[in-house]
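Spelled out, the chains give:
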Amino acid sequence: MASASLATPAPRTGLLVIQPLRRKHCAGCRRGPQPMLVLEDTAPRCLDCADLGHLVFLPRGDTALTRRSREESGLWAVVVRFNRRKGRYERQGVLVEEAALARAEERCLADAEARRRRRVRDARRRAAQDEQFAETFAAEVLRLFPGCPGDRARGIAVHASLRGSGRVGRSAAGRALSQGAVVSAVVASVRHLDTPYDRLLMSGVPRHEARRRIASEVERRLREWGGEGGEGGEGPR
C-alpha cells in the first residue's frame, strides 16, 4: 500500500504530480531520488517516464500568471505535496510548457499596471470592510460588557477580527456576531492581558491547569465590566 506521502489525492481533475516527502525512485527507469513523481497504478514514475519531462515548474503565488500559463499550455499538471501537520495535500504550483509560460509572462507584463491598480482598489475595499466590521464587533463587546473601556473594546475587536488570523472574529460565528464568539474574544483578551496566564505557560504550566488557576481573575474582570459571560468555554488562545 502506498505511503501517505505518495497516496493519490482524491478527488482531482486533470494531471497530477506529487512532490514526495521521502526519497523515491522511479519504478520505470530506476533513477532517483526524484523531486517530482506521477503515480501510475500506485507505481511512482519520474516526469520523463510519464512524458512530462518537457514541462517547466511554475511555483504558486502569482494567480494571474498561473491561470494564463494553463490557458496557453496544451499540456499542464498540478503539483502537490502532503502536509503532515494538516493531514492533506497542498498545491505547490503547476507544470506547464515553457513556451506557454513565456506567452503568459508577456500577457501579464502587458496589463501589469491595470492589475496593480485593481489590487490597490481591492485592498482598500477590504480594509474598509474590515474597519467597519471591527467597529461593529467593538459595539457588540460594549453591549455585552458596558463597563469595558472603549479603547479596550476596540483593541479586542481588531485583534479578534484580523483578516487571515484564524481567530474567533473570522469564524462563521464571529462574522455573525454570536454572543459566544464575542464573549470568547473578550475572555481571551482578559486572560492574556489581565492575568498571569502567559507567565504560567512560559514557566511550563500545562494550558488547562493555567486556565484553571486564573479562572477566578477572569470572572472578576468580566463582572467588573458588567458581563455574565464567564470563562466562555475553551475560547481562543
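Residues numbered from 1 in each chain as written. Predicted model: local features only at pLDDT ≥ 70, side-chain atom pairs only at ≥ 80, totals over all residues. Heavy atoms only, no water.

**Regarding the packing of helix α3 (residues 112-144) against helix α6 (residues 179-193)**
Quick reminder of the rule: Axis geometry follows a simple rule: fit a line to the C-alpha atoms, using only the stretch in contact for helices, then measure angles between N-to-C directions, giving values from 0 to 180 degrees. Strands here mean DSSP runs of E at least two residues long; helices mean DSSP runs of H or I at least four residues long; both are numbered from the N terminus. The cut-offs work like this: below 35 degrees is roughly parallel, past 145 is roughly antiparallel, 65 to 115 is roughly perpendicular, and the gaps in between are oblique. Contacts between residues were defined by any pair of non-hydrogen atoms, one from each residue, lying within 4.5 Å. Classification used: nonpolar for Ala, Val, Leu, Ile, Met, Phe, Trp, Tyr, Cys and Pro, charged for Asp, Glu, Lys and Arg, polar for all others including Gly.
Put simply, α3 and α6 touch, their axes get as near as 10 Å, and they point 85° apart. One way to sum up the angle between α3 and α6 is to call them roughly perpendicular. Note on element contacts: α6 touches α3 through Q179, A181, V182, V183, A185 and V186, opposite F137, E140, V141 and L144. Grouping the amino acids of the contact of α3 with α6 by side-chain chemistry returns eight nonpolar, one polar and one charged.

**A short note on the pattern of salt bridges**
In plain terms, the rule: When a carboxyl oxygen of Asp or Glu is within 4 Å of a side-chain nitrogen of Lys or Arg, the pair counts as a salt bridge. Per-residue accessibility, obtained with a 1.4 Å probe over protein chains only, is compared with the maximum for each type, and a residue is labelled buried under 20%, exposed over 50%, and partly exposed between these values.
Scanning all chains against the criterion turns up 20 salt bridges. Across the salt bridge formed by E40 and R45, the nearest N and O atoms sit 3.6 Å from each other. The shortest N-O distance in the salt bridge between E113 and R117 comes to 3.5 Å. A residue pair is termed a helical-turn pair when its members lie 3 or 4 positions apart in one helix, as E113 and R117 do in helix α3 at four residues. Accessibility expressed as a relative area gives 42% for R117, which makes it partly exposed. A cluster of three or more residues bridged by salt bridges with shared partners is formed by R67, E71, E72, R103 and R107.

**Let's talk about the packing of aromatic side chains**
To be explicit about the condition: Within 6.5 Å between ring centres, the rings of Phe, Tyr and Trp (the latter by its six-membered ring) count as paired, and their orientation is classed by plane angle as stacked under 30 degrees, edge-to-face over 60, tilted in between. Charge-over-ring placement is defined geometrically: NZ (Lys) or CZ (Arg) within 6 Å of the ring centre, and within 35 degrees of the ring normal.
Going through the model one piece at a time under the given rule, you end up with two aromatic pairs. In this structure, R70 is placed above the aromatic ring of W76, and the distance from its NZ or CZ to the ring centre is 5.2 Å. The side chain of R191 reaches across the aromatic face of Y197, ending 5.7 Å from its centre.

**Points about the sheet that holds strand β4 (residues 55-59)**
Stated precisely, the cut-off is as follows: We treat two strands as partners when DSSP finds at least two bridges between them.
As summarised here, the arrangement of the four strands in space is β1-β5-β6-β4, forming an open sheet in which the pairing is mixed. Since the sheet does not close on itself, it has two edges, and those belong to β1 (15-18) and β4, each with one partner. Between one strand axis and the next, the sheet turns through 40° on average, direction left out of account. Along the sheet face, helix α2 (residues 98-110) touches β4 and β6 (88-97) and points at about 90° away from the line of β6.

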